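Here is what each chain is made of, one letter per residue.
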Amino acid sequence: MVVEDSLSLKFAALADPTRRAILARLAEGEATVTELSRPFRVSQPAISKHLKVLEGAGLIVGGRAAQARPRRLRAEALAETTEWIARVRDLWSDSFDRLGVFLEAPQDPSGKE
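No experiment lies behind these values; they were computed from the predicted model shown.

## Examining the side chain of R19
Part 1 of the argument: Summarising the element assignment, R19 is placed in helix α2 (residues 17-26).
Part 2 of the argument: An unpaired buried charge is present at R19: no salt bridge exists, and D16, the closest side chain of opposite charge, is 4.4 Å distant.
Part 3 of the argument: Here the side chain of R19 touches H50 through a polar contact of 3.2 Å, side chain to side chain.
Part 4 of the argument: For R19, the residues in contact, after removing those within four places along its chain, are A12, A13, H50, V53 and L54.

Right, dumping it as C-alpha cells:
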C-alpha cells in the first residue's frame, strides 16, 4: 500500500486542467455538480469523479442544501501548495543570484585564481 502525502495529492489533483477549471469556478462561489458540469463536454459522472479527487486532496468540501450537494473551495488548503512553491522559487532565485554574481566577477584568462 502506498501512502501519499497531502502535498502529492494536491499536486496530482491540480495536474488535470478540468480540475483546475473546476477550482477556478468554485473560487467564485459554491456550485452543484450540475452547475459545474455545464461548461465541460463530459458527463456528470465524470465531473463527480473529478470532484472526488479534489475532495480527496482536501481542496474542496461538499455541503448539503436540501437535495443539492454544493461544493466549495477550501482556499486554505491551497496554502500548503503555494508555500512549497514559494520555497522552491526562493531556492532557485538564490541559485540564479549566485550564478549571476559568479558570471559578473572578473575572470583570470590564465585560469589561475
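From this point on, the discussion continues.
## With respect to helix α1 (residues 6-14)
Part 1 of the argument: When α1 is considered as a whole, its buried residues turn out to be L7, K10, A13 and L14. All buried residues of α1 lie within an arc of 130° about the axis, which places them on one face of the element.
Part 2 of the argument: Against α2, α4 (44-56) and α5 (78-104) lie the buried residues of α1.
Part 3 of the argument: The N-cap of α1, judged by a side-chain oxygen 3.2 Å from the amide nitrogen of L7 a few residues on, is D5.

## Concerning the pattern of salt bridges
Part 1 of the argument: A full pass over the atoms with the stated rule returns three salt bridges.
Part 2 of the argument: Of the charged contacts, one joins K10 and E80 as a salt bridge, the two residues approaching to 3.3 Å between their closest N and O atoms. Pair noted here: K10 is in helix α1 and E80 is in helix α5, with a separation of 70 residues, a long-range link.
Part 3 of the argument: Residue classification places K10 among the buried residues on the basis of a relative accessible area of 7%.

Reading guide: rules and limits
- Residues numbered from 1 in each chain as written.
- Predicted model: local features only at pLDDT ≥ 70, side-chain atom pairs only at ≥ 80, totals over all residues.
- Heavy atoms only, no water.
- Helix = DSSP H or I, 4+ residues; strand = E, 2+ residues; numbered from the N terminus.
- Buried < 20%, exposed > 50% of the residue type's maximum accessible area, 1.4 Å probe, protein only.
- Lys, Arg positive; Asp, Glu negative; His and termini not counted.
- Salt bridge = Lys/Arg side-chain N within 4 Å of Asp/Glu carboxyl O.
- Polar contact = N/O pair within 3.5 Å; in protein donor to acceptor, adjacent residues only side chain to side chain.
- Contact = heavy atoms within 4.5 Å.
- Arc of directions from axis to C-beta.

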